[in-house]
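Chain residues, written in single-letter form:
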Amino acid sequence: MYEEPYRWVEAVGNRRQYLDDQLKEGTPVVGVTYERGILLMTMSKGTPKLYEIYDRLALGGMGHPADLEKLRFNLLEMAHVEGFNRSASDVTGSRLVKYGIAPVIKQAFEEVFKAPFIVKMLLAELGQKSGKDGFLTINYDGTFEERSQSAVLAATSVVEQKMIEYVRRQSIVSLKDAVDVSIRTWAVGDRAQRSALEDGEGRDEAKPDSDQEMIGAETLYAHVRRCIPEKTIECVLLDRQVQGPSKYRALEADELEAVLPTDLNPSLS
Amino acid sequence: MQSDFYQLLKAQGYILGVSGQAGARQELTTATTILAFKYRDGVLVAGDRRATAGNMVMYDRTDKVLEIDRSSVMAIAGVPATAYEMARILEHSFKYYRRTQLQELSFEGKLRALSKLLKENVAAALAGTGAVAPIFAGYDAGQEAAKIYFYDILGAEFEGVEYAVSGSGSSTIRGILHYLNTWGEQPLSAMPEEQATVQALRLLTSAAEFDSATGGVNREAGLYPVIKFITAGGVRVMPDLQLRSLFESRVARSV
């Protein structure tokens, strides 16, 4: 029956609804640049959501863990084979996404008899110089968007927009700033998602958060403190000052504690 | 999920080395001197910098002590094209494993990876077009110790409990290492870093004295051997400035 164009469009629409529904309880991911590189941050329940892909590439994802793993392996294979056959500088986020996984995700999304990938992904790429750092976000339908300075993943585009608006108003220089802003931005996203869920809405039609402008840092820290018992703050860096070709490193617990906003530190101990 | 980078390459049609013709054996080229020994803080790995083709000096700035990852080093003796290719495969294999499995490949796994590459290369090695006899040294996080292994061209793996040598100048310094370790003022494994470095410089200078394919120190050009240390903190390179200072004060008097 999907041979009829209308049926096919309807099926794709149903798929979009299904995927939005699957992702509505996912945990947001935030990526920001700072003076030494890029910070990716999320809060996860046990299974990590942030990964190293190549020397200057890191991945954040939300969605089904098995789908995320499959696409992560695709990226790793492509990156390492390309890095071996050509050179590390030929492994770019843009090529991996545009000619690698975005077409795969799109194809899976449109093949209505097969299961789509229940994922949203954020690929961060450390440039050779400060100011050349970038992000690529990929949606479950294969559409991708290139950004600089910051990028986010959240359940819906409305929530993502709220997070982007929030992060844009912040000033980030040091790692401490980056951790602070990313945690607050995460809280903006997570609050908006929970609010949409409570209102029984999970999609782009979610009502705009009228008091968004008014949300103070204390409210956001309080939200994070409430989440900490069941979730762990996960931060990874692409740090330009790391020796050697691989610039990826996870922020260890003691290092994270040293740069966390004081409002959050007691919650960790 | 194998996470074996070499298998991934092979699945895409990659072939290591040049396939050799059985029986067409030529003189094996292992013109170099590389050495590794345990000192007080870990393992020191050193190599001269000369690359030769027959009796011709091709290059005097070769780095034969290659950092494979943050905690392991492969020193190469043999055909450079194959040796460098093996080092690149290993480097990518270890990174690929770490990134896919979210944990480091074990030290035994790293040793096995090199052994497998050498076995794959046997035909080229026997034909004389790709013989490699490397030393692999690294920090074994499981046993909290730096270790040395050396290989023959067929892939057999041996632990150098105290030290290991390879290359055309190795026969000269193997005896010296044995003497130093057995009857020296203190065993190699008790030497502090500076003393170990001086010994490595003296050993490579001795090898260059008797083996034309081993490059000695070229003071005019500022060319010194490559010396790297492997400790619990990872791999570290001894800077040329320090090598120069130690060479001038404690090695050069008799050269």
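Conventions adopted
Residues numbered from 1 in each chain as written. Chains lettered and ligands numbered in written order. Predicted model: local features only at pLDDT ≥ 70, side-chain atom pairs only at ≥ 80, totals over all residues. Helix = DSSP H or I, 4+ residues; strand = E, 2+ residues; numbered from the N terminus. Rg over C-alpha atoms; globule rule 2.2 N^0.38 Å. Buried ≥ 20, exposed ≤ 12 C-beta atoms within 10 Å, placed from the backbone. Contact = placed C-beta atoms within 7 Å. Axes fitted to C-alpha atoms, helices over the stretch in contact; angles between N-to-C directions. Parallel < 35°, antiparallel > 145°, perpendicular 65-115°, else oblique. Nonpolar A, V, L, I, M, F, W, Y, C, P; charged D, E, K, R; others polar.

**Concerning the overall build of chain B**
Right, on to step 1. Secondary structure assignment for chain B yields 7 helices and 12 strands.
Right, on to step 2. Rg of the C-alpha trace for chain B: 18 Å, near the compact-globule value of 18 Å for 255 residues, within the 12% margin.
Right, on to step 3. Taken along the three principal axes of its C-alpha coordinates, chain B extends 55 × 45 × 30 Å.
Right, on to step 4. Relative to its full complement of 255 residues, chain B shows a buried share of 50%.
Right, on to step 5. The contacts in chain B between residues at least 6 apart in sequence include a share of 70% that link residues at least 24 apart.

**Considerations on the overall build of chain A**
Right, on to step 1. Across its full length, chain A holds 8 helices and 10 strands.
Right, on to step 2. Taking the principal axes of its C-alpha atoms as reference, chain A extends roughly 60 × 50 × 30 Å.
Right, on to step 3. Counting across all 269 residues of chain A, residues that qualify as buried make up 44%.
Right, on to step 4. Looking at chain A alone, contacts between residues at least 24 apart form 67% of all its contacts between residues at least 6 apart.

**Focus: the packing of helix 6 (residues 193–210) of chain B against helix 7 (residues 240–250) of chain B**
Residues and elements named next belong to chain B.
Right, on to step 1. Remark: helix 6 packs on helix 7, axes separated minimally by 10 Å, with the N-to-C direction vectors making an angle of 75°. Between helix 6 and helix 7, the angle is such that the two are roughly perpendicular. Contact residues: helix 6 offers Glu194, Thr197, Val198 and Leu201, while helix 7 offers Leu243, Leu246, Phe247 and Arg250.
Right, on to step 2. Looking at the contact of helix 6 with helix 7, its residues break down into 5 nonpolar, 1 polar and 2 charged.

**Regarding the interface of chain A and chain B**
Right, on to step 1. If you look at the interface, chain A gives 11 residues, while chain B gives 11 residues.
Right, on to step 2. Elements supplying a minimum of two residues to the side of chain A that touches chain B: strand 3 (50–54) and helix 2 (65–85) of chain A.
Right, on to step 3. Considered class by class, the residues forming the side of chain A that touches chain B number 5 nonpolar, 4 polar and 2 charged.

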